[in-house]
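The primary structure of each chain is shown beneath.
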Amino acid sequence: ACLLSKHIYPEKRFKPWVYKMKSRLRDKFLLFFILLACIPVLALGGTILYLLDLAHRQDVSNLELQMIDQKEDEIAAFFSDTLGILELQVESSQALEQQGSESLWQERLVKEIFEANDAFKELSFIGLDGRETAKYSLFDSHPQFLYVADLPKFQDARSGKNFIGEVYYTLSGPMITLAAPVQVGEQVIQVLSAEVSLSRLIKAMETTRLGQTGYAALFDRNGVYISDRAKGNIHPGFDGSQWERISQALSGTVFSGLDQKDRFE
């Protein structure tokens with residue numbers, strides 16, 4: 001009877017296994033449909049996050065480029081105004097003679113120039129022979145007149161061109177040499193040279209903020225960092241010309257800041 005029962009009702013022995021198999025299959029189908037429903041949502045969410053990040057980066061890039069344009073205008077205005085003071089146009093030689101002796105009108109003019117712009121720290125008139133004829137310096141109360149005919153500042157200004165020298169460092173901070181011709185019409189009759197402090201530009205850079213941690217950094221045409229204090233991991237006098245972005249920017253390349261290499265902590 002027992003053997004017959006096994007042959008007649010075999011499903012009674014395997015029924016729990018069948019239920020278990022159906023349960024696993026049902027779970028797999030349920031998991032498949034859940035994933036199938038979630039994939040579009042996840043893809044859409046990922047796309048939205050990517051677009052938000054891209055929009056944020058684009059906004060930051062626009063702010064950075066606007067800040068750079070603003071600082072570029074400030075720097076250009078600084079040199080334009082400073083050189084504009086040095087670019088003297090004299091109506092005639094007789095007009096100078098009416099001012100008295102050469103040394104007298106030069107001394108008067110030097111004082112007026114110093115009062116016009118506090119960035120000037122030293123001024124000197126240079127004759128066409130290359131020798132200084134008048135000089136006033138905040139660094140030396142009794143400056144000596146020098147022979148500067150071999151210096152580029154005199155040669156450029158003597159030929160009628162403005163001269164902008166290299167940035168150099170003193171105890172008073174970064175300085176730069178400027179020179180411009182003194183002309184009667186098209187004729188150069190003197191050269192006016194100045195030692196100019198860059199403190200005003202540096203302060204403008206140091207007070208610039210972009211968000212909580214963003215900042216502006218000024219480098220000279222050789223890639224050297226110009227400032228009185230350290231900023232991030234760079235310090236005054238730091239040579240950044242080996243940085244790819246700095247070296248390429250010195251060659252005229254403009255970066256939007258959207259490249260992954262432009263993002264750093």
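1. Some details on the overall build of the chain
Secondary structure assignment for the chain yields seven helices and six strands. Order of helices (α) and strands (β) in the chain, N terminus to C terminus: α-α-β-α-α-β-β-α-β-β-β-α-α. The long-range fraction of contacts in the chain, counting pairs at least 24 apart against all pairs at least 6 apart in sequence, stands at 50%. Approximately 17800 Å² of the chain is accessible, and the part contributed by carbon and sulfur atoms is 58%.

2. Thoughts on the nonpolar core
By size, the foremost hydrophobic cluster in this structure holds 34 residues, and its most contacted members are Leu86, Phe120, Leu123, Phe125, Val196 and Leu198. The set of elements that each furnish at least two residues to this core consists of α2 (11-86), α4 (102-116), β2 (120-126), β5 (173-184), β6 (187-197) and α6 (199-206). Dropping the residues within four chain positions of it, Val196 is found in contact with Phe78, Thr82, Ala119, Phe120, Pro174, Met175, Ile176 and Leu178. Counting residues in hydrophobic clusters, the runner-up holds eight residues, among them Val148, Ala149, Ala157 and Phe163.

3. Observations regarding the pattern of salt bridges
According to the stated counting rule, one finds six salt bridges in the structure shown. Glu74 serves as the salt-bridge partner of Lys71, at 3.3 Å between the closest nitrogen and oxygen. Placement of the pair is Lys71 and Glu74 together in helix α2, with a separation of three residues, close to one helical turn. With a relative accessible area of 10%, Lys71 lands in the buried category. Connected through salt bridges with shared partners, the residues Glu122, Glu132 and Lys135 form a single ionic network.

4. So, the environment of Glu166
With respect to the helices and strands, the residue Glu166 is situated in strand β4 (residues 163-170). By relative accessible area, which is 40% here, Glu166 ends up partly exposed. C-alpha separation for the pair Glu166 and Leu178, spaced twelve residues apart in sequence, amounts to 9.4 Å. Ignoring sequence-local partners within four residues, the contact set of Glu166 consists of Met175, Ile176, Thr177, Arg221 and Asn222. In terms of polar contacts, Glu166 uses its side chain to reach the side chain of Asn222, at 2.8 Å.

5. Let's talk about the side chain of Glu195
Relative to the helices and strands, Glu195 is located in strand β6. At 4.1 Å, Lys153 is the nearest oppositely charged side chain to Glu195, a buried residue that forms no salt bridge. Beyond its immediate stretch of four places on either side in the chain, Glu195 contacts Ala119, Phe120, Lys121, Glu122, Lys153, Tyr168, Met175, Ile176 and Thr177.

6. So, the pairing of β6
In terms of residue burial, β6 counts as a mostly covered element, since ten of its eleven residues are buried. Alignment of β5 against β6, held across ten bridges, turns out to be antiparallel. Its bridge partner lying in β6, Met175 is registered against Ser197. Counting the residues that bridge the hairpin from β5 to β6 gives two residues, and of these Gly185 lies at a positive phi of roughly 70°.

7. Brief notes about the packing of aromatic side chains
A full pass over the atoms with the stated rule returns five aromatic pairs. With 5.3 Å between their ring centres and 90° between their planes, Phe78 and Phe79 make a pair best called edge-to-face. With relative accessibility at 4%, the residue Phe78 sits in the buried group. Overall, Phe79 belongs to the buried group, its relative accessible area being 17%. When the centroid spacing of 4.8 Å and the interplanar angle of 80° are considered together, the rings of Phe114 and Tyr136 count as edge-to-face. With Phe114 in helix α4 and Tyr136 in strand β3 (residues 132-137), the pair connects residues that are 22 residues apart, well separated along the chain. Owing to a relative accessible area of 14%, Phe114 belongs among the buried residues under this scheme. With a relative accessible area of 39%, Tyr136 lands in the partly exposed category. Through pairs of rings, three or more aromatic residues link up here, namely Phe219, Tyr225, Phe238 and Trp243.

8. Observations concerning the confidence of the model for the chain
Residues with a pLDDT of 70 or more make up 84% of the chain, whose mean pLDDT is 80. When pLDDT is averaged over each helix and strand of the chain, the minimum, 48, is found for helix α1 (residues 2-8) and the maximum, 94, for helix α5 (residues 152-158). For residues 1-9, every residue scores under 50 in pLDDT, and the model assigns this stretch zero contacts once sequence neighbours within four places are set aside.

Criteria and thresholds
Residues numbered from 1 in each chain as written. Predicted model: local features only at pLDDT ≥ 70, side-chain atom pairs only at ≥ 80, totals over all residues. Heavy atoms only, no water. Helix = DSSP H or I, 4+ residues; strand = E, 2+ residues; numbered from the N terminus. Contact = heavy atoms within 4.5 Å. Areas by Shrake-Rupley, 256 points an atom, 1.4 Å probe, with all protein chains shown as cover. Core = buried A, V, L, I, M, F, W, Y, C linked by side-chain atoms within 4.5 Å. Buried < 20%, exposed > 50% of the residue type's maximum accessible area, 1.4 Å probe, protein only. Salt bridge = Lys/Arg side-chain N within 4 Å of Asp/Glu carboxyl O. Polar contact = N/O pair within 3.5 Å; in protein donor to acceptor, adjacent residues only side chain to side chain. Lys, Arg positive; Asp, Glu negative; His and termini not counted. Pairing = 2+ DSSP bridges. Phe/Tyr/Trp six-rings, centres within 6.5 Å; stacked < 30°, edge-to-face > 60°. pLDDT = per-residue confidence, 0-100.

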